[in-house]
Amino acid sequence: MKTFKRILLAMIPALLFVSCGETNPDDPDNGGNGGNGGKDKTVIRVVEALPLYELAADKDTALISFSATLDEKDADWTISTSADWCKVEPASGTGLGEVSIIVADNPTTNERKADIVIKSGKKEQTLKVSQSLYAGALPDEPWFSKSYIERTDREKAGFRGPVKSWCEVTYTTYHKYFYDEAGHLVKEEYHDTSNNSVEVRWVHTYDAQGRRIKSEQSYGSEVQGGRVFTYEYNNPGKLVATNAFNWIEYEDGWINGKDFPMSVWKDLSAIHYVDDSPGYYERSDIAFEFQSDGSLTMTETYNRERDGSNPNVSVYHIVYENGLPVSCPDSKVAVTYDDKGLPATLSVEDGAKTWTFLGHPRVLLAATMKEPKAQGLVACFWANYSYNSNGDKTRFERAYFSADQVYNDYFGKYFYDSYGNWIQRNETTEPAFQHGQHFTDTIKREIEYY
């Protein structure tokens, strides 16, 4: 899906003059504005934000302003471009000009550049236009046809190419993710640039079959305590829902660094969790056992006592169809799938909250969320999501406080690297507590490759 974006660049006045020369007042090339005492005083003043206008890979528009004058009177001007894919409207005028630079979709795997030339009399001014490569033009990767659950962590995160690490570095705090060459997520870090430290670190280890067998958390420079997960695999060929309440994680978090990862693991039979931090202890053991009818029984034993003397046991039953988890009556969760095994809908608490998902070959995307009986001060009644053809978010529309009080975030002007992963985007957000006031940021993403 491509959206037409009209970007009005923040404009900082800069007077750009071209040197004047002696001319014949009757010279027809002298702006066509009559005599001027023998001197060509035509001036083109261009108001611009940057020496280079950067436009997005999808069809995009930038607005430029300039004026052409002769003896402080309006002068005629023309404007043209050096490339067929870049157009200007209007192409001519007098005095003050407001011209749209319009670029078509970039179907190539290269950045494109063009010159915009403004002429008035014998004077001219050249502006540079650059358009990001279009990731949608890149060929599909082999893993696009694989089941989402069968993909590596890197593939589930939607990255093309041999990504080694990535992070968004725009804000004071950020997460950084590391993959091995096979695509397993091996480390996650929470950085705080205000004190130049890593506040939280997760390290994941894998067996010879590429299955995660341990996840360890540490805080700052501490190595003692922290949380530890260990995993067992004695359900060969089975797809195991790891959470009875929701096996599609729709809230942003540590898992793969994506909004909508699936918490369904192949072959898993048990998860053991312990937090043995100084002065604190808790333990949880979850066993996954399939029944003769194909359903899954999940038994969780939770204890805050180190000697295990006061266990709290919870049992959940998950219904399966065609080898996939479809519902958990105990937690009132239900999921449907498309023909590729990707989630199509998610219903929580008998339909009190529903999600609709989009099929996409690269990433798992949400289309809508509805919660007609939303409760709480900032509960979300509904949300709609829009994406470009590469699966990157272009709009987030939602309603807080009431079903009719609508807020919008816009994610535009994506810039991609040669692998087709975005490395910069413009983001305009409308906070829930400041209705009508938007904040714009340029989000930069650093990606390291093998």
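Fair warning: this is a prediction, and the values are worked out from it, not measured in the lab.

Quick notes on the overall build of the protein chain
Then, in step 1: Regarding its fold elements, the protein chain presents one helix and 34 strands.
Then, in step 2: A total of 450 residues make up the protein chain; the buried ones form 48% of that total.
Then, in step 3: Taking the contacts inside the protein chain whose residues are at least 6 apart along the sequence as the reference set, 46% of them involve residues at least 24 apart.
Then, in step 4: Within the structure as shown, the protein chain displays about 22300 Å² of accessible surface, and the carbon and sulfur contribution to it stands at 50%.

Quick word on the environment of Val313
Then, in step 1: If you trace the backbone, Val313 turns up in strand β24 (residues 312-321).
Then, in step 2: For the pair Val313 and Tyr302, spaced 11 residues apart in sequence, the C-alpha to C-alpha distance is 6.3 Å.
Then, in step 3: Once residues lying within four places of it in the same chain are set aside, the contact partners of Val313 are Thr299, Glu300 and Thr301.

Regarding the pairing of strand β17 (residues 212-219)
Then, in step 1: Note that strand β16 (residues 197-206) and β17 share seven bridges and pair antiparallel. Pairing of Tyr206 across the sheet is with Arg212, part of β17.
Then, in step 2: Linking β16 back to β17 in an antiparallel pair, the connection comprises five residues, with Gly210 at a positive phi of about 80°.

Here we look at the pattern of salt bridges
Then, in step 1: Evaluated as defined, the whole model comprises 18 salt bridges.
Then, in step 2: Arg201 serves as the salt-bridge partner of Glu189, at 3.4 Å between the closest nitrogen and oxygen. Here Glu189 is found in strand β15 (residues 185-192), whereas its partner Arg201 is found in strand β16, with 12 residues between them in sequence.
Then, in step 3: Of the residues examined, Glu189 reaches a relative accessible area of 6% and is grouped as buried.
Then, in step 4: Of the charged contacts in the structure, one is a salt bridge between Arg306 and Asp276, with a shortest N-O distance of 2.5 Å. One end of the pair, Arg306, is in the loop between β23 (296-303) and β24; the other, Asp276, is in the loop between β21 (270-275) and β22 (282-290), with 30 residues separating them in the sequence.
Then, in step 5: When salt bridges with common partners are traced through the structure, they connect Lys187, Glu189 and Arg201 into a single cluster.

A few points about the confidence of the model for the protein chain
Then, in step 1: This prediction gives the protein chain a mean pLDDT of 83; 86% of its residues lie at or above 70.
Then, in step 2: Considering each helix and strand of the protein chain separately, the mean pLDDT is smallest for strand β2 (residues 12-13), with a value of 30, and largest for β23, with 97.
Then, in step 3: Taken as a whole, residues 1-37 scores under 50 in pLDDT and shows 88 contacts with residues more than four places along the chain or in a different chain.
Then, in step 4: In the model, residues 252-258 has pLDDT below 50 throughout and makes 28 contacts with residues more than four positions away in sequence or in other chains.

Rules behind the numbers
Residues numbered from 1 in each chain as written. Predicted model: local features only at pLDDT ≥ 70, side-chain atom pairs only at ≥ 80, totals over all residues. Heavy atoms only, no water. Helix = DSSP H or I, 4+ residues; strand = E, 2+ residues; numbered from the N terminus. Buried < 20%, exposed > 50% of the residue type's maximum accessible area, 1.4 Å probe, protein only. Contact = heavy atoms within 4.5 Å. Areas by Shrake-Rupley, 256 points an atom, 1.4 Å probe, with all protein chains shown as cover. Pairing = 2+ DSSP bridges. Salt bridge = Lys/Arg side-chain N within 4 Å of Asp/Glu carboxyl O. pLDDT = per-residue confidence, 0-100.

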